[in-house]
Structure formats: structure tokens, C-alpha cells
Amino acid sequence: MLKVGVVIFPGSNCDLDAIRAVETVMNVKAVPLWHQDNTIDTDAVILPGGFSYGDYLRPGAIASHSPIMQAVKIYASNGGPVIGICNGFQILTESGLLPGTLLRNTTTRFISRDVSLLVTSNQTPFTKGFAVGQKVTFPIAHKDGNYQADPSTLQTLQENNQIVFQYVENPNGSLHDIAGISNKERNVVGLMPHPERALSDWTRTSDGVPLFQSLLSHLEAHV
Amino acid sequence: MFKVTINVDPKKDILDPQGKTVQHALLNLGFLHTEQVRIGKHIVIQLQVDSKEEAHAMGVKMCQDLLANPLTEEYSVEVEPC
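Summarised in this report is the structure supplied together with it. (Residues numbered from 1 in each chain as written. Chains lettered and ligands numbered in written order. Predicted model: local features only at pLDDT ≥ 70, side-chain atom pairs only at ≥ 80, totals over all residues.)

Take the overall build of chain A next. The helix and strand inventory of chain A stands at five helices and 11 strands. Compactness check: chain A gives a C-alpha radius of gyration of 16 Å against a globular reference of 17 Å for 223 residues, within 12% of the reference. Considering chain A as a whole, with its 223 residues, one finds that 55% of them fall into the buried category. At a minimum sequence separation of 6, the contacts of chain A that also span at least 24 residues come to 75%. (Helix = DSSP H or I, 4+ residues; strand = E, 2+ residues; numbered from the N terminus. Rg over C-alpha atoms; globule rule 2.2 N^0.38 Å. Buried ≥ 20, exposed ≤ 12 C-beta atoms within 10 Å, placed from the backbone. Contact = placed C-beta atoms within 7 Å.)

Laid out in C-alpha cells, this is it:
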């Protein structure tokens, strides 16, 4: 039976949304993984949003050194699917699993609203169910979502088709309107917007559903 | 015992929106000569090690491993006995 791990750090606050997405959309077992765990026995891993360790020092910096992240690094290097949402994306860049970094929004404000995104790669386990060029609406809720990377990193991202989501209207100053990227191998994806909060009519948008369906069909085909 | 003082600052070519906002606030308060504001972090660590050199090397390693993000930040390490 398929299982999806959801990592919980002190200060995570979207872990229950992620667990609910796994259980309701994918209809598979969600396994909470505590930050001090050092083994992973699941078929995919979600790093949820929130403020791990209070965002002390830099968002994601302390979480990236936790025992579970050492296990996630090994898991990802063996090809395991990993997605980091919001703070999870920040943890992935701090861990070196994804290139670049997420700086303070250029507006310096915390932005919480729905945004329109362009799907720019459907070659990841999480975006197979989308069409390239498709527009989706996910909420964002962050103060440090301004994606930045040096010119050679941006060029590599573009050449390898590693940019997965772009903002239609850039809310936070991100380089090249980047909202989400993958690693070169495409099994690790990070994005600032929240697909797990976009699953039904009462959340105004259900555009996040295909992301979890994509993961389910990927796992059914590969596990 | 040594006192290690570490300053972590945004690199010069990195936009510092926090610094910019504080600059605007200072200008609004009448500090009209405020040309630029950059905001970083000031970290003070007490280390129980034998030598100043050892304390300095450890401070640098701390910056590399955790305290600074090499992509966007630069750091300085100063050591004094305490």
C-alpha cells in the first residue's frame, strides 16, 4: 500500500493540510515524519509550509540541518519524489537539494492571496497531470518568497527545463517570475504557492488537485 | 574563553528591502543625509577553546556551515579573549 510522508518540524503549520491532501485526493496513507526521525519508509515525501524553528537565522536554515533532512537528502539522491511547499521550498534550497535561495519579498510585506501561475514543466512526478502553458490559481502566504539565483544557475534552470511554475504577475520580486523549480533529475520540486490549500470549491480554487493526482499516478506506475 | 563576534551582511549586489524600508523611514524622520542602509545580523558566541586561532577558525566554519548563506551573504569574524 502506498504511503506519503509529511515532515513535521517545530513551527510547521501546513502539515495537516498536506496530510489531508494526501488522504482525500490521493486516498493513500499519510505518515507523519518528525524532524528528529532519521529514516524514511514512504513512497514520497512532502515538506510542508510554516515557520520551521521560528524562521530563526534564515527561513529553512536550521531545519536543513535536522536529522530528517539528512535522511531526505539520501532519499532524494536515490530518486525518491520530494516536494517542498513554501517553507518546504526554503528548506530545500538551504539543504542544497535545489539551487538558489529565497529572499525577503521586495515589498517587505507578508503576502497572503490567490495568484495565477503558469505551469512551465510537466516532466516532474508532481506536474505530469498539467499541460505546459496551463494557468492555475494557488494561494500564496509568505514574506520570504523572492527567488534569486546567479545568472549561470538561471541559465542552467532554463536549459534543463527545471522551472516548473512561473507567476503570471510577479508578487514578490522573484527572478524570472519563478514560483517553483525542480532539480535536474526532476524528482525534487519546490514551490512557494500552496497547492494543498487549493483542493475544493470552498477554498475558492481546486487547481491543486491535479498535483496530488499526478503524484498518485506516478507512484502507481513506479512503485 | 574567547568571545567571537560575527557579522553577517547582505552582499553588496543583493537588494536589501529591509534596509531600503528603514532608509525611507529615516528620511521621513528628517535624517536627510541617509544615503544607504544595509541590515545584517550580529552574533556573539562564547567559545571554550585554547587559542585565538582555534576560535577564529571555528567561527569561520560556523558561518560556512550555518550562520551565513554564501549565495547572498558575506560575513566577518572577530575574536577577543573574555
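Listed per partner, the contact involves nine residues of chain B and 10 residues of chain A. Looking at the side of chain B that touches chain A, the elements that each hand over two or more residues are α1 (17–28) and α2 (52–67) of chain B. In terms of residues, the side of chain B that touches chain A owes the most to one element, α1 of chain B, which gives three residues. Looking at the side of chain B that touches chain A residue by residue, the class counts come to five nonpolar, four polar and no charged. (Nonpolar A, V, L, I, M, F, W, Y, C, P; charged D, E, K, R; others polar.)

All names here are of chain A. Burial analysis of helix α3 (residues 87–94) places eight of its eight residues in the buried class, which makes it a mostly covered element. Residues of α3 that are buried: Asn 87, Gly 88, Phe 89, Gln 90, Ile 91, Leu 92, Thr 93 and Glu 94. On its buried side, α3 packs onto β3 (44–47), α2 (67–77), β4 (82–85), β5 (101–103) and β11 (188–191). One or two positions beyond α3, positive phi appears at Gly 96, with a value near 80°.

A few words now on the nonpolar core. Among the nonpolar cores identified, the biggest contains 67 residues, and Val 6, Val 22 and Val 45 of chain A are the most heavily contacted of them. Dropping the residues within four chain positions of it, Val 22 of chain A is found in contact with Val 4, Val 6, Val 28, Ala 30 and Phe 212 of chain A. (Core = buried A, V, L, I, M, F, W, Y, C linked by C-beta atoms within 7 Å.)

Next up on the list: the sheet that holds strand β7 (residues 135–142) of chain A. Residue and element names in this part refer to chain A. Spatially, the nine strands line up as an open sheet ordered β2-β1-β3-β4-β11-β10-β9-β6-β7, and their pairing is mixed. Each edge of the open sheet carries a strand with a single partner, namely β2 (29–34) and β7. On average, each strand axis in the sheet is tilted by 25° relative to the strand beside it, whichever way the strands run. Examined bridge by bridge, strand β6 (residues 111–119) and β7 share eight bridges and lie antiparallel to one another. The partner of Val 115 across the bridge, within β7, is Phe 138. (Pairing = 2+ DSSP bridges. Axes fitted to C-alpha atoms, helices over the stretch in contact; angles between N-to-C directions.)

So, about the sheet that holds strand β2 (residues 41–47) of chain B. Residue and element names in this part refer to chain B. If you trace the three strands from one edge of the open sheet to the other, you get β2-β1-β3, paired in antiparallel fashion. In this open sheet, the two strands that pair with only one neighbour each are β2 and β3 (73–81). Strand-to-strand twist of the sheet, defined as the mean angle between neighbouring strand axes without regard to direction, takes the value 20°. The pairing of strand β1 (residues 2–10) with β3 spans nine bridges and is classified as antiparallel. Bridge pairing in β3 links Pro 10 to Glu 73. Set on the sheet, α2 makes contact with β1, β2 and β3; between it and β3 the angle comes to about 155°.

The next subject is the pairing of strand β1 (residues 3–8) of chain A. Residues and elements named next belong to chain A. Most of β1 is tucked away, with five of its six residues classed as buried. Of the pairings in the sheet, the one linking β1 to β2 comprises six bridges and is parallel in character. Across the sheet, the residue bridging to Val 7 is Leu 33, located in β2. Running through helix α1 (residues 15–26), the crossover from β1 to the neighbouring parallel element β2 is right-handed. Where β1 meets β3, three bridges bridge the pair, whose relative direction is parallel. When the sheet's bridge partners are listed, Gly 5 is paired in β3 with Val 45. (Right-handed = clockwise from strand over helix to strand, strands pointing away.)

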